[in-house]
Each structure stands twice: as C-alpha cells, then as structure tokens.
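Coordinates in review
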Amino acid sequence: MSKESGMTVTPWEVSGEVNYERLIKEFGTTPISEHLKDKVKKLHPLIRRGLYFSHRDFDKWLEAHEKGKRVSVITGRGPSEKMQIGHLVPFLIAKSLQDEFKCEVFIPISDDEKFYVKEHLGFEDAIKFSYENILDLIALGFKPGKTFIFEDFVYTDIYKYAARIAKRMTYSMAKTSFGLSPEQNVGWSFYPAMQAAHILFPQFYRGKHMSVVPVGIDQDPFIRLTRDIAVHRDFNFEKPAALHSKFLPSLGGGAKMSSSEGNAIYLTDSPEEVKKKINKYAFSGGQATIDEHRKKGGNPDVDVCFQYLKYLFEEDDNKLKRIEDDYREGRMLTGELKALTIEKINNFLKEHQKRRELAKKQVDKFLLKNK
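Residues numbered from 1 in each chain as written. Predicted model: local features only at pLDDT ≥ 70, side-chain atom pairs only at ≥ 80, totals over all residues. Heavy atoms only, no water.

Taken in spatial order, the 7 strands make up an open sheet running E4-E5-E10-E9-E6-E7-E8, and their pairing is mixed. Looking along the sheet, the strands with just one partner apiece sit at the ends: strand E4 (30-31) and strand E8 (147-151). Across 5 bridges, strand E9 (residues 210-216) lies against strand E10 (residues 241-245) in parallel orientation. In the strand pairing of E10, Pro214 is matched with Leu243. Sheet strands touched by helix H5 (residues 89-101): strand E5 (52-56), strand E6 (71-74), strand E7 (104-109), E8, E9 and E10. Its angle to E9, the strand with the most contacts, is close to 150°. (Pairing = 2+ DSSP bridges. Helix = DSSP H or I, 4+ residues; strand = E, 2+ residues; numbered from the N terminus. Contact = heavy atoms within 4.5 Å. Axes fitted to C-alpha atoms, helices over the stretch in contact; angles between N-to-C directions.)

What follows is about the nonpolar core. With 67 residues, the main nonpolar core has Leu46, Phe58, Trp61, Leu97, Leu243 and Ile278 as its most contacted residues. Examining the composition of this core, we find that 8 residues originate from one element, helix H14 (residues 304-313), more than from any other. Discounting residues that sit within four places of it in the chain, Trp61 has contacts with Val71, Ser72, Val73, Leu97, Phe101, Cys103, Met210, Ser211, Val212 and Ala241. Core analysis: the second largest hydrophobic core is formed by 35 residues, Phe148, Tyr161, Tyr191 and Val215 among them. (Core = buried A, V, L, I, M, F, W, Y, C linked by side-chain atoms within 4.5 Å. Buried < 20%, exposed > 50% of the residue type's maximum accessible area, 1.4 Å probe, protein only.)

Glancing now at the pairing of E6. Neither face of E6 is left uncovered, since the one carrying Val71 and Val73 and the one carrying Ser72 and Ile74 both have all their residues buried. By the bridge criterion, 3 bridges tie E6 to E9 in an arrangement that is parallel. The partner of Val71 across the bridge, within E9, is Met210. Running through H5, the crossover from E6 to the neighbouring parallel element E7 is right-handed. (Right-handed = clockwise from strand over helix to strand, strands pointing away.)

Right, let's talk about helix H15 (residues 317-328) for a bit. For H15, spanning 12 residues, the distance from its first C-alpha to its last is 16 Å, which sits close to the expected 16 Å at 1.5 Å a residue. Inspection of H15 places Leu320, Ile323 and Tyr327 among the buried residues, and these make up the whole buried set. Across the axial projection of H15, the buried residues extend over an arc of 60°, all falling on one side. Contact partners of the buried residues in H15: helix H13 (290-296), H14 and helix H16 (334-359). (Expected span 1.5 Å × (residues − 1). Arc of directions from axis to C-beta.)

With the rule as written, the count across this model stands at 27 salt bridges. For Lys60, the salt bridge is made with Asp57, and the minimal N-O distance between the two is 3.8 Å. Judged by relative accessible area, Asp57 falls into the buried class, the value being 16%. Where Arg224 meets Asp220, a salt bridge forms, and the shortest distance between an N and an O atom there is 2.8 Å. Remark: Asp220 and Arg224 occur in helix H11 (residues 220-230); sequence separation between them is 4 residues, near one turn of the helix. Given a relative accessible area of 0%, Asp220 falls into the buried group. (Salt bridge = Lys/Arg side-chain N within 4 Å of Asp/Glu carboxyl O.)

Every regular strand shows the same layout, with side chains that alternate between the two sheet faces. The buried fraction of E7 amounts to 6 of the 6 residues, a majority that puts the element mostly inside the structure. Judged from the 3 bridges that link them, E6 and E7 form a sheet pairing that is parallel. Within the sheet, the bridge partner assigned to Val73 lies in E7 and is Val105.

Right, let's talk about the side chain of Arg77 for a bit. With respect to the secondary-structure elements, Arg77 resides in the loop between E6 and H5. The side chain of Arg77 sits in the buried core without any salt bridge; Glu81 is the nearest counter-charge, 4.4 Å away. Non-local contacts of Arg77, meaning those with residues more than four positions away in its chain, are made with Lys82, Met83, His87, Phe91, Pro108, Ile109, Ser110 and Asn133. (Lys, Arg positive; Asp, Glu negative; His and termini not counted.)

A few words on the packing of helix H10 (residues 186-206) against H11. Here H10 crosses H11 at 70°, and the two axes come no closer than 9 Å. Classified by the angle between their axes, H10 and H11 sit roughly perpendicular to one another. Within the contact between the two elements, H10 uses Tyr191, Pro192, Gln195, Ala196, Ile199 and Leu200 and H11 uses Phe222, Ile223, Leu225, Thr226, Ile229 and Ala230. In terms of residue class, the contact of H10 with H11 is made up of 10 nonpolar, 2 polar and no charged. (Parallel < 35°, antiparallel > 145°, perpendicular 65-115°, else oblique. Nonpolar A, V, L, I, M, F, W, Y, C, P; charged D, E, K, R; others polar.)

Following the criterion strictly, the structure yields 24 aromatic pairs and no others. Pairing Phe58 with Trp61 gives two aromatic rings, centres 5.6 Å apart and planes at 20°, and the pair type is stacked. You can see Phe58 and its partner Trp61 sitting in helix H4 (residues 58-66), 3 residues apart, about one turn around the helix. For the pair Phe58 and Trp61, one class covers both residues: buried. Ring plane angle 25° and centroid distance 6.0 Å describe the contact between Phe235 and Phe237, whose orientation is recorded as stacked. Among the residues examined, Phe235 registers a relative accessible area of 8% and is labelled buried. Clustering of aromatic rings is evident, with ring pairs tying together Phe106, Phe148, Phe150, Tyr155, Tyr161, Phe201, Phe204, Tyr205, Phe235 and Phe237. Lying across the ring of Phe129, Lys128 places its NZ or CZ 5.2 Å from the centre. Sitting above the plane of the Phe27 ring, Arg224 keeps its charged end 4.8 Å from the centroid. (Phe/Tyr/Trp six-rings, centres within 6.5 Å; stacked < 30°, edge-to-face > 60°. Lys NZ or Arg CZ within 6 Å of the ring centre and 35° of its normal.)

In structure tokens:
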C-alpha cells in the first residue's frame, strides 16, 4: 500500500495523482518492457498502449505456454454495483489471453468481500449484483467450456480452499498487508484468505501450473501475500503471475473511474445517458475558446475522451494516431472529440446490451456448481 502526500493507493481506496513509477519501486514489480510488449502485440491495445504497465513473472507464464505446459487466467469481480466501463479493463485482457493462448479463464465473484466492506450493501443486494455482473461478463464473449465463473456465497466449495489457506496465514500477515484496524468487522480479516483461494483456485481445480492475474495495481498486496502462501509445503503450487494496470480515469479526470462520483458510464446506460454524461462531465484537454484551440491545439494526454478511445474504444492504431495528431494540432475541436467518443461508446454498448440479453440463457454454461 502507498499513502504519500496527495496519493492513496490501497485495495479499497485510490485517490490523488498516482505515481506509477513509485508504485513499481514500492511494490517491487517489474515494468513491462518493449520486448515483452512485442511478444504479445496481438493482445488487446490495453497492453501495447501502456495501460498495463508492470507485471510479476508474466514472462515465465509465456515461457510455460511456449513449452506446451498448461497455463490459465484468473481475475475477479466485486459486485457492489452495476458494471461500468472502468470495470472492463481486467476482463478485456483476460478474454484476449484466452483467445490468443486458448487457455482457461476463472472468474470469482467476491460478493462476500463487498458485503463485508460496503456498509450500505445488504446480503440480497450482493447476490442481485452478482447475477447482473455475470451477465455483463458473459456478454464480453468468453468461451463456454473454457470459462468458469463462481460466486463465493453460492459456490461454497471455495470455502474448503480458503480454510486451508487461512490456517497458514497469520493475522499479523493480513494486518501488515492491508492495514486492518480493530474497528473493522471480522469479515475484513478473513477475506485475504478467500482472495488467496481465488488466486490459487486454478491450481486447486486443475493441479499445479502457471496462472496469471490481470489486476489493477491497487490489488497487488493480495498478489504478494498469495505468492508467499503458494509455495508453502501444504500446497507446493506455482507462484501466480500478475499483470498490473494503471487506472482508467474518471470522467472528471480523477485517478480512477468511480460510481461514487455519480457520473460513471454503466454498461446498461442508454445512448442518451452516455451523451449527457460525456458532454457534461468529461474532462477536456482543449483550450478555453475555439480560436485559442485552433492556434495552440489540445492536450490528448489529459483529455478523458481521448483516453477512453486510446484504451477501450479505438483498436485501429492508425486511426487513433490521426485523432491524436488532429487534436494536438487544433484541427479537431473538443466537441468533435466528444461526439466521436459518444458514437464509439454507444456502438460498443449497443452490441454489448444485445449480447447481455442472450447471456441470460447461457449462465448455466459458465457457472461452477458445488460437488
């Protein structure tokens, strides 16, 4: 965890201007090199354009695949709300890895964590959001038969793995990693064992092999703790690899898109809602007036609409470069960039929402059942 002047990065809170170079040093992760990017250049633009910026042993994961060994992907979802576009980041990479390497993907739904942590969230609400989130995940196009989704409150087989891990995880380990305090309910202190069970689940389920976790850098404390647990003689597992992403900025330009700001773009939003949110809230890198913008140009590096196109909604590198150049040189106005972003997001959501309806008939093909 990191808390310095103006920056807070923990598994439950991200605020301020995030210094990613500092986090690499503080967390002890490895920057994603150009050589590594080149090896996975067919993957989603999130990697080649740098939103994923650091890793733990992802090179070893790739080597294992090259040698014909089993590899898998594990990344989860905490269902405290409807899914919004910021939540797509780990799942788009997971699907891209599945498509490229033909591997299995495991998706735990941590309804228990959100129930413990979110004071306002009732038990039934957590269950309801789990189902709604699962529909969004299936709609992304994961392969049935190679994708396994499970909810902690429903797939209670996960508890037998969490219990074995909890026995080898001291309270001081959890407290040191997550800054637990006496005022928090005891669910907080048990959840690190459950999260470790999630991360190691592919090995519990399929046997010892390399698995990679696409995750925001704020979740790395869970990765570090689990890597230590994995090699305990009780398990003798491979240390899980990790891919760390930066945070997709909020519409207002903050460090991380958050529904608590009231302006997140949800995957169930209508075209009118998307248009209203982008036009009203999207932080601009443009100048104060049209004349000034034409003369000085805009700054796509801070413009939220350009960031959304760059990482999520414009896959063509040549088109993205033209947009960037036109905006930077003042040939494209902020209003034009917003209009283009609205169109791209709505095109994506139109297709996503169609697939989401179809997903209602496919849920059983993805959910793990208790034995």
